[in-house]
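# Analysis of the macromolecular model
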Amino acid sequence: MAVKGILKEGEYYDSVTLMLVARDVLALEGVEEAAVVMGTDQNKSILETSGILLDMFNDAIDSDLLIAVKAKDEAICDAAIQKAKELLTSRHSKMQETGEYTPKSLEGAVDFLSDANMVIISLAGKYAGDEAMKALKNGLHVMLFSDNVSIETEIELKNTEKNMVF
Amino acid sequence: MVIATQAQIVSRGGSVPLCDTVFTIHSTFERVANLLYSDGIVSVVTEDIGGGPNNIVINGFNFLNLKEAQIINEELILNDTKIFLPRASKYDSTIKLDASKKTTFLSGLQIFERVLVRHAHPLSSVFLLDDRRKSFFITPFEKNLRNQLDASVTEILNGKLSSVSKLKGIGLGFTPQGDDLINGMLLAIYVYQLLTDYSTAHIREEIYRLARSKNVISDTFLYFSAKGEFFERFKNLIHAFFQDKESVINATMQLLAIGETSGADIGTGFILASKETFKKSTNGGVLIWQ
């Protein structure tokens, strides 16, 4: 097992962007743990608890961005860190603060668009089933655009009364 | 050569300097530019972000292209754009509440909590108000983060004010979730003072002392909240508590549009601290933080 990371100075992202980048990196084959955080003392403590604190992070300050990856070997670590950098660059260019409310959950979206009757779900397979069932229980038709949904989940979803399209 | 353009100023906060100042650009976003100077931070924002004690609200400027910022002869100069600051109305960051309407406030708080729990981002701190949201934190690191937030907040709510220093800085991003939670707590403790005859200045000063960090953006927010100065969206929310349910819902939605989780995190801190303070006072007890 290898743990590697990098420190980037003066780069600012919101919490959710960093968490989503870490999740995308964690989804890569061979990656066991990943975190992308600002270098506060408290975050370093959490990295330590998670077994991914590197010596190079000891002198990091609050405005430093830390990327830490634990993977099967160093090559996978390097590839994962590269992926994180690419994701951050692409999300930064897309980042927009609309200043308006945008729903952050299915329930919120249903409240916000009370006339909506269909939802398109595109999530990693392990999470997609729960969201699809939630949508069906909210009386919505579902178009599920996800790989790796278990066959049991698919049968359960298709046995519900509403329309379901995979 | 400086050329006047079409940017329009809407308001300026009372803490925005008018004297000649050269700023360092700290960070820029689509609708916000944070400018550093010797006394702190000035945030130049668009109208939909709204006023704040240290905000200059303008329209018609592309913040992402900002290269230089300064104030000369009371004019804010952003690249080649000149904006005469005294022309703007001054944003009033103070808030006045009718102490006889404590019950109305608490009803508004309940509506706010319900809307927040229903609409906040899954990865916000709202799991502190609703345990079911804990399941949104999936990876080991996320769970450690969530547990650390939970433990620090619980300690504070159990009277251990010193745990503010453990909560600050917890969180991944630009303004860590822990800092936003503290921010909300400070606002709640100030509102408690307005609705009772109990001065909370010493508690707010102590929290600010414990929460100070090298994060100049967070530090600025905390400084103003400790003084009882509100940014516009939160002030609107508090006023909405004294209007009707629809107003609370609308004001909550506006709050949730701040950052990805910041609005929800500040709101969570506000609700937790409000419930704690008013629980003590309605039971005839004293504030837990003395």
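Residues numbered from 1 in each chain as written. Chains lettered and ligands numbered in written order. Predicted model: local features only at pLDDT ≥ 70, side-chain atom pairs only at ≥ 80, totals over all residues. Heavy atoms only, no water.

### Here we look at the packing of aromatic side chains
Heads up, the condition is: Centres within 6.5 Å are what make two rings of Phe, Tyr or Trp a pair, Trp counting through its six-membered ring; a difference in plane orientation under 30 degrees is then read as stacked, over 60 as edge-to-face, and the rest as tilted.
Throughout the structure, instances matching the rule amount to 16 aromatic pairs over all chains. A connected cluster of aromatic rings, assembled from ring pairs, spans Phe-105, Phe-112, Tyr-190, Tyr-192, Phe-230, Phe-231, Phe-234, Phe-241, Phe-242, Phe-270 and Phe-278 of chain B.

### Looking at the sheet that holds strand 9 (residues 81–84) of chain B
Residues and elements named next belong to chain B. Short version of the rule: Here, a strand pair is defined by DSSP locating no fewer than two bridges between the strands. Secondary structure elements follow DSSP: runs of H or I of four or more residues count as helices, runs of E of two or more count as strands, with numbering from the N terminus.
Read across the open sheet, the four strands follow the order 2-7-8-9; overall the sheet is antiparallel. The strands lining the two open edges of the sheet, one partner per strand, are strand 2 (21–22) and strand 9. With four bridges connecting them, strand 7 (residues 69–72) and strand 8 (residues 75–78) associate as antiparallel partners. When the sheet's bridge partners are listed, Ile-71 is paired in strand 8 with Leu-76.

### Looking at empty space enclosed by the protein
The criterion, for reference: Here a cavity is any set of points on a 1 Å grid over the protein atoms alone where a 1.4 Å probe fits but cannot get out, and a pocket is any open set with protein on both sides within 12 Å along at least 5 of 7 lines; a residue lines the site when it has an atom within 4 Å of a point. Grid points are joined across faces, edges and corners, and a volume is the space filled by probe spheres set on the points. Each residue is assigned to one class: nonpolar for Ala, Val, Leu, Ile, Met, Phe, Trp, Tyr, Cys and Pro, charged for Asp, Glu, Lys and Arg, and polar for all the others, Gly among them.
Counting across every chain of the model gives two cavities of 30 Å³ or more. Lining the largest cavity, in full, are Met-19, Ala-22, Arg-23, Leu-26, Ala-34, Ala-35 and Val-36 of chain A together with Thr-139, Phe-141, Glu-142 and Leu-172 of chain B. For the lining of the largest cavity, the elements supplying multiple residues, two or more each, are helix 1 (15–26) and strand 2 (31–38) of chain A together with helix 2 (140–157) of chain B. For the lining of the largest cavity, the leading source of residues is helix 1 of chain A, giving four residues. Split into classes, the residues belonging to the lining of the largest cavity amount to eight nonpolar, one polar and two charged. Estimated volume of the second largest cavity: approximately 30 Å³. Lining the second largest cavity are ten residues; nearest its centre among them are Ala-120, His-121, Leu-256, Glu-260 and Ala-264 of chain B. Across the lining of the second largest cavity, the residue classes tally to four nonpolar, four polar and two charged.

### As for the interface of chain B and chain A
What counts is decided by this rule: Only heavy atoms matter for contacts: two residues are in contact if any of them lie within 4.5 Å across the pair. Put simply, buried area is how much 1.4 Å-probe accessible surface two parts lose in total, over both of them, once they are put together. What counts as a salt bridge is simple: a side-chain nitrogen of Lys or Arg found within 4 Å of a carboxyl oxygen of Asp or Glu.
Across the contact, 47 residues belong to chain B and 37 residues belong to chain A. Counting each side, the surface lost to burial between chain B and chain A is near 3700 Å², with a carbon and sulfur contribution of 60%. Of all residues in chain B, Arg-118, Phe-141 and Leu-172 of chain B bury the most surface against chain A, accounting for 19% of the area lost on that side. If you look at where chain B meets chain A, you find one salt bridge. Across the salt bridge formed by Arg-23 of chain A and Glu-142 of chain B, the nearest N and O atoms sit 2.8 Å from each other. If you list the elements that add at least two residues to the side of chain B that touches chain A, you get strand 3 (24–28), helix 1 (102–119), helix 2, helix 3 (164–167) and helix 8 (245–256) of chain B. The greatest single-element share of the side of chain B that touches chain A, amounting to six residues, is contributed by helix 2 of chain B. Classifying every residue of the side of chain B that touches chain A gives 19 nonpolar, 18 polar and ten charged.

### Focus: the domain arrangement of chain A
This is how it is decided: Domains are outlined according to an automatic or database domain assignment.
Each assigned domain of chain A is listed with its residue range as follows: domain 1 (2–94) and domain 2 (106–165). One C-alpha centre belongs to domain 1 of chain A, the other to domain 2 of chain A; they are set 32 Å apart.

### Some remarks on the domain arrangement of chain B
Note: interface size is frequently given as the accessible area lost on complex formation between the parts. All names here are of chain B. Along its sequence, chain B is organised into domain 1 (8–91) and domain 2 (99–282). Here the C-alpha centre of domain 2 lies 27 Å away from the C-alpha centre of domain 1. Facing 15 residues of domain 1, the contacting portion of domain 2 comprises eleven residues. Both sides of the domain 1 and domain 2 interface together cover about 1000 Å² of buried area, and 63% of this is carbon and sulfur. When the area that domain 1 buries against domain 2 is broken down by residue, the three leading residues are Ile-41, Pro-53 and Tyr-91, summing to 40%. For the interface between domain 1 and domain 2, the tally reads zero salt bridges. Put simply, the parts of the chain that give the side of domain 1 that touches domain 2 at least two residues each are strand 3 and strand 4 (32–37). Here the side of domain 1 that touches domain 2 is built from residues that sort into six nonpolar, eight polar and one charged.

### Focus on the sheet that holds strand 1 (residues 8–13) of chain B
Residue and element names in this part refer to chain B. In plain terms, the rule: In this analysis, axes come from line fits to C-alpha atoms, helices being fitted only over the stretch in contact, and the angle between any two N-to-C directions falls in the range 0 to 180 degrees.
The six strands lie next to each other as 3-4-5-6-1-10, forming an open sheet whose pairing is mixed. Each of the sheet's edge strands pairs with one partner strand only, and the pair in question is strand 3 and strand 10 (89–91). Between one strand axis and the next, the sheet turns through 25° on average, direction left out of account. The sheet contact formed by strand 5 (residues 40–45) and strand 6 (residues 55–59) spans three bridges and is parallel. For Ser-43, the partnering residue across the bridge sits in strand 6 and is Asn-55. Sitting on the sheet, helix 6 (residues 216–226) touches strand 3, strand 4 and strand 5, and the angle it makes with strand 5 is about 90°.

### Focus on the packing of helix 1 of chain B against helix 8 of chain B
Residues and elements named next belong to chain B. The criterion, for reference: Oblique is the label for any angle not under 35 degrees, not over 145, and not in the 65 to 115 range, which are roughly parallel, roughly antiparallel and roughly perpendicular in turn. Each crossing gets its handedness from the near helix: less than a right angle anticlockwise from the far helix is left-handed, clockwise is right-handed.
Close contact between helix 1 and helix 8 brings their axes to 9 Å; oriented N to C, the two are set at 45°. On the basis of their axis angle, the class for helix 1 and helix 8 is oblique. Here helix 1 and helix 8 pass one another in a crossing that is right-handed. Of helix 8, the residues touching helix 1 (which contributes Gly-108, Ile-111, Phe-112, Val-115, Leu-116 and His-119) are Lys-245, Val-248, Ile-249, Thr-252, Met-253, Leu-255 and Leu-256. For the contact of helix 1 with helix 8, the residue count by class is nine nonpolar, three polar and one charged.

### Regarding helix 4 (residues 177–195) of chain B
Under the convention used in this document: What a helix is expected to span follows from its residue count: subtract one and scale by 1.5 Å. Only protein chains enter the area calculation, which uses a 1.4 Å probe; residues under 20% of their type maximum are buried, those over 50% are exposed, and those in between are partly exposed.
Counted at 1.5 Å a residue, the expected span for helix 4 of chain B with its 19 residues is 27 Å, and the 27 Å between its end C-alpha atoms agrees. Judged by how many residues are buried, helix 4 of chain B sits mostly within the fold: 18 of 19 residues are covered.

### Describing the side chain of Asn-34 of chain B
All names here are of chain B. Basically, it comes down to this: Between N or O atoms, a polar contact is any pair within 3.5 Å; within protein, one atom must be a potential hydrogen donor and the other a potential acceptor, and residues adjacent in sequence are included only when both atoms are from side chains.
You can see Asn-34 is positioned in strand 4. The exposure class of Asn-34 is buried, given its relative accessible area of 4%. Of note is the side chain of Asn-34, whose polar atom sits 2.8 Å from the side chain of Ser-43. For Asn-34, the residues in contact, after removing those within four places along its chain, are Thr-24, Ile-25, His-26, Ser-27, Phe-29, Ile-41, Val-42, Ser-43, Phe-174 and Ile-217.

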